Amino acid sequence: MSEFLTLFKHELKMQFAFLSYNKKKKHDILGSLLSILLTLGVIVLIVTLATKIANGYIGVKVNKVLSPNQRATELLNIFYAISMVMMVLICILKMRSTLTIQKHKEIYLKLPIKEQNLFLSKLATIMIWNFILGAIIILPVNIIFYIALQPSFVFWLKTALVLLLMPIVVFGISAVLILPVIKIVEFLKNKYWLVFVIFTGALVVVFLGYSKLLQVIQLWLETGSIKFLFNSNFVNGLQNCLKWLYPINCFANLMMGNKIALSLIVILLFVAISVAISWFVSNRLFHLTLYKNSNEHKTKKSKPKYTQTNSILSLMKKEFICVYRNPSHLFSYFTIAISMPLIVYCCYTLFESLILNAFGLKITFSLALLVLLIFSILTNTFCATNVSRDGLAFLKMKSLPIKPAKLLLTKILFCGIVSTLSILLSGIILALATSITFVDILLCILIVVPFSFAQIMIATKLDLKNAKFLSTQAETEAINGKTVTKVILIGLLVALVMGIISVVIYLLSQGSGIKIISNLKLKEIYSYILPIVICVIYFVCAIVYYNHKIDKTFDNLIG
Amino acid sequence: MLVEVNGLGKKYDKKTDFTIKDINIKCDGGEIVGILGHNGAGKSTTIKCLTAMHPYEEGTIKICGHDLKAEPIEAKKGFGYVSDEFVLFEKMTGYEFVNFLADVYNVTKEERKQRIEHFQTLFMLGDAIYNPISTYSHGMKQKISFMAALIHNPKVVILDEPFIGLDPFTMSQVKSFFKSYSQQGNLILFSSHDLNTVQHFCNRAYIIDQGVLLQEVNFEEFKKTDVDFYEYFLSITKRVSKS
């Protein structure tokens, strides 16, 4: 028992390491603060929206009959379904990292510990993770319903029961789904092109869904009613789906006091099946991984030809390989870069119509500039790890006969090419699909490309100055997060100054009744000239900052 | 002289004392020279200064006649380096990594083909060289590091604790390769705390302790004395064994 407890405590510490605070470590306080603010903002937004939707939906009449309890049950079903999908996805990831990757298995295998205790400690940690996750996701949903319906105290007893049982069912569903997930991951291993296509496709689908949601919200804000979406056809269709949605509908029925006994029996049956499945699958996965040689690899049949390449091209090829073959880097750089045109287009059209409705004005150049600037910052965030993502291998490069300027130039060029292509494509799409003129788009591109290069140079230099190399990539990325925050903040500040000045000048010059700038007869020129001037200043500052003691900074870097 | 170090001093923090101080090393082609010391003696720091991975505050380093600070590119072209951590770009294949370094050193297509194939056989890498480095074992990474360091046929090979983790057969092959490589007029300079390896593999050794160069040992001369090298090493590093 003590062996299990020791292992369990160790496992808990590892899984929840992100919660521990080390006074000696330099923390990215600004970054953490931003993350907390962003998370709180998202939660407030979701809760507000969910409450509004709930109120709107509960008021829907089917066949001219108002049935608040029935509508509330349907709504709870939907919320629980979304919550459960989220929980299952997170649980699959947790199961994969805990049971099938097993970071420290070499150490454990050498220790005189029982395998079963190690397995139980991992299983218990996953379960605790699920309970915490359940509380974080389900509790706000139930709080919303408590506020909306004001039920009796029993509601909280039933909530406790749901919080206890739903994570077990989630574990069972995840245990079934993890098997195909593992197969798919195995299949995709080293198929980088396919991974790229899947990532891009997924991001595009998510973004299209998001923009559709934004359109609905926009329509909702404009009409002040959500009934255009929730009509009786919608409710009837939903009811047909929900009656087959086991065991989610049972959880919702239990909470709303419908068919309590039957719901409880079905839930307990699901719990029993889940316990059996999750035990069997976890046990099998754990033991298969424990004795599997993680270094096994199929050797390629086709051998590459011997080629000689110029060192700059070779360095850029190395950069490409290191990003392309790392799924996390592939997503955070190439996928974001390739999806940027679509995101830019959706945001542009959305803001354009919002401004048109709010001010009665059609802004093209200034808005396109602002959107392009903000999304180029998003793409270039990745460049804040230009040095640190190489890890200790970057230090090894110091012993090679390459000038620091040349080595760093290849990194900047590589990022610059990706960023420029992304900006060009975004510009072309805006020019073709919106009312903005080609001249305006050309001017936007001429401003955003140097801005992007300036951003890459600043990011690279900041990373060179502050890079710390630790033994694992995850630790290295965590400790260098501060640079990422700085790069985003600097870029956003300049982009907002440039973009917003341009938008505001345009609004002041065109706005009904204000017309301050129009009297100066320079309204158009102001909204073009000012961003250009700021961009040139920013670009020159970036070059000066980048080149300042670059060789010395490179030489002094010891990680 | 292929490697000439005069009065080398390095401190990691301006406020603290020197980690290594007044290190003087002179080595020429045809030699295998060891830098010997306990853990934390300053061997790796010396090697890292020699390979430009760490900046140094005092002294000069010349490699193949080129000053490391004044002519860094020329000096770096003269050596190949294998670090103790076998740090490689894990997403590249072994072949891609070696080929990348061959590009950096401007090795011709014919030369790299001949060398890669030679090392592939010597280190018994086979087709595993075409697999990603992330799938390699410790020993495999070591072998790729050796290949990468030797791809441009350098006059000086600098190795930091190179034999840890190699199986006996590969170790003996690597040692005999480096012996023959040094006999071609090249210099092998390596750090180690393994007295046995240094004694039997090197012509000379520099003993470092607490950042200071204590002694230079010529093993040809030393073998003529009846002194046990292990006892000698402990006595001069003032850590006489309790037994």
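Sequence order as written defines residue numbering, which begins from 1 separately in each chain. Chains carry letters from A onward and ligands carry numbers from 1 onward, assigned in written order. With pLDDT at 70 or above as the cut-off, local features in this predicted model cover only qualifying residues; side-chain atom pairs require 80 or more to be listed or tallied, and sums for whole chains, interfaces and linings still use all residues. Side-chain descriptors were evaluated using all non-hydrogen atoms of the structure, hydrogens and water having been removed beforehand.

> Sorry, what's going on with the overall build of chain B here?
Labels follow the DSSP assignment, with helices taken as runs of H or I lasting at least four residues and strands as runs of E lasting at least two, numbered in each case from the N terminus. Broken down by element type, chain B carries 9 helices and 10 strands. The globule rule is 2.2 Å times the number of residues to the power 0.38, and the radius of gyration it is compared with is taken over C-alpha atoms. For 243 residues, the compact-globule formula gives about 18 Å, and the C-alpha radius of gyration of chain B, at 18 Å, lands near that figure. Structurally, chain B occupies a C-alpha span of about 50 × 40 × 30 Å along its principal axes. Per-residue burial over chain B gives 58% buried out of 243 residues. Throughout, a residue-residue contact means that at least one pair of heavy atoms, one from each residue, lies within 4.5 Å. Sequence separation of 24 or more characterises 67% of the internal contacts of chain B that already satisfy a separation of 6 or more. His is not counted, nor are the chain ends; Lys and Arg add positive charge and Asp and Glu add negative charge. Every charge is mapped onto a representative atom, which is NZ of Lys, CZ of Arg, CG of Asp or CD of Glu. Distance between charge centres in chain B, computed from 28 positive and 31 negative side chains, equals 3 Å. Only protein chains enter the calculation, and the probe is 1.4 Å; a residue is then buried if its accessible area is under 20% of its type maximum, exposed if over 50%, and partly exposed in between.

> What should I look at first to understand the domain arrangement of chain A in this one?
Size of an interface, as often reported, equals the accessible area lost when the parts are brought together. Each domain's limits were defined by an automated method or a database of domain assignments. Taken as a whole, chain A is organised into domain 1 (2–15 + 29–190 + 220–290) and domain 2 (311–556). Put simply, the middle of domain 1 of chain A and the middle of domain 2 of chain A, counted by C-alpha atoms, are 38 Å apart.

> How do you make sense of the pattern of salt bridges when you look at a structure like this?
Once their charged atoms are close, side chains differing in charge can pair, the charge on each being opposite to the other. What makes a salt bridge here is a side-chain nitrogen of Lys or Arg within 4 Å of a carboxyl oxygen of Asp or Glu, nothing more. Scanning the model with the defined rule gives 19 salt bridges over all chains in all. Note that Arg 204 of chain B and Glu 31 of chain B form a salt bridge whose closest N and O atoms lie 2.5 Å from each other. One end of the pair, Arg 204 of chain B, is in strand β9 (residues 204–209); the other, Glu 31 of chain B, is in the loop between β2 (20–27) and β3 (32–36), and 173 residues separate them in sequence. Of the two residues, Arg 204 of chain B and Glu 31 of chain B, neither departs from the other in class, the shared state being buried. The salt bridge involving Glu 161 of chain B is made with Lys 43 of chain B; its shortest N-O contact spans 3.9 Å. Residue Glu 161 of chain B is found in the loop between β7 (156–160) and α6 (168–183), and its partner Lys 43 of chain B is found in helix α1 (residues 43–50); the two are separated by 118 residues along the sequence. The two residues Glu 161 of chain B and Lys 43 of chain B agree in class, both being buried. In the salt-bridge network here, residues are joined through shared partners; they are Lys 318, Glu 319, Arg 389, Asp 390 and Lys 411 of chain A.

> Can you walk me through the nonpolar core in this structure?
Soluble globular proteins: nonpolar side chains tend toward being buried together. Buried Ala, Val, Leu, Ile, Met, Phe, Trp, Tyr and Cys residues that are joined via side-chain atoms within 4.5 Å together make up what is termed a nonpolar core. Counting residues in hydrophobic clusters, the biggest one holds 174 residues, and the most contacted among them are Phe 97 and Phe 178 of chain B. No other element matches helix α16 (residues 438–466) of chain A, which puts 14 residues into this core. Discounting residues that sit within four places of it in the chain, Phe 178 of chain B has contacts with Ile 32, Phe 146, Leu 150, Val 157, Leu 159, Ile 188 and Phe 201 of chain B. Among the nonpolar cores identified, the runner-up in size contains 64 residues, and Leu 118, Phe 145, Ile 168 and Met 256 of chain A belong to it.

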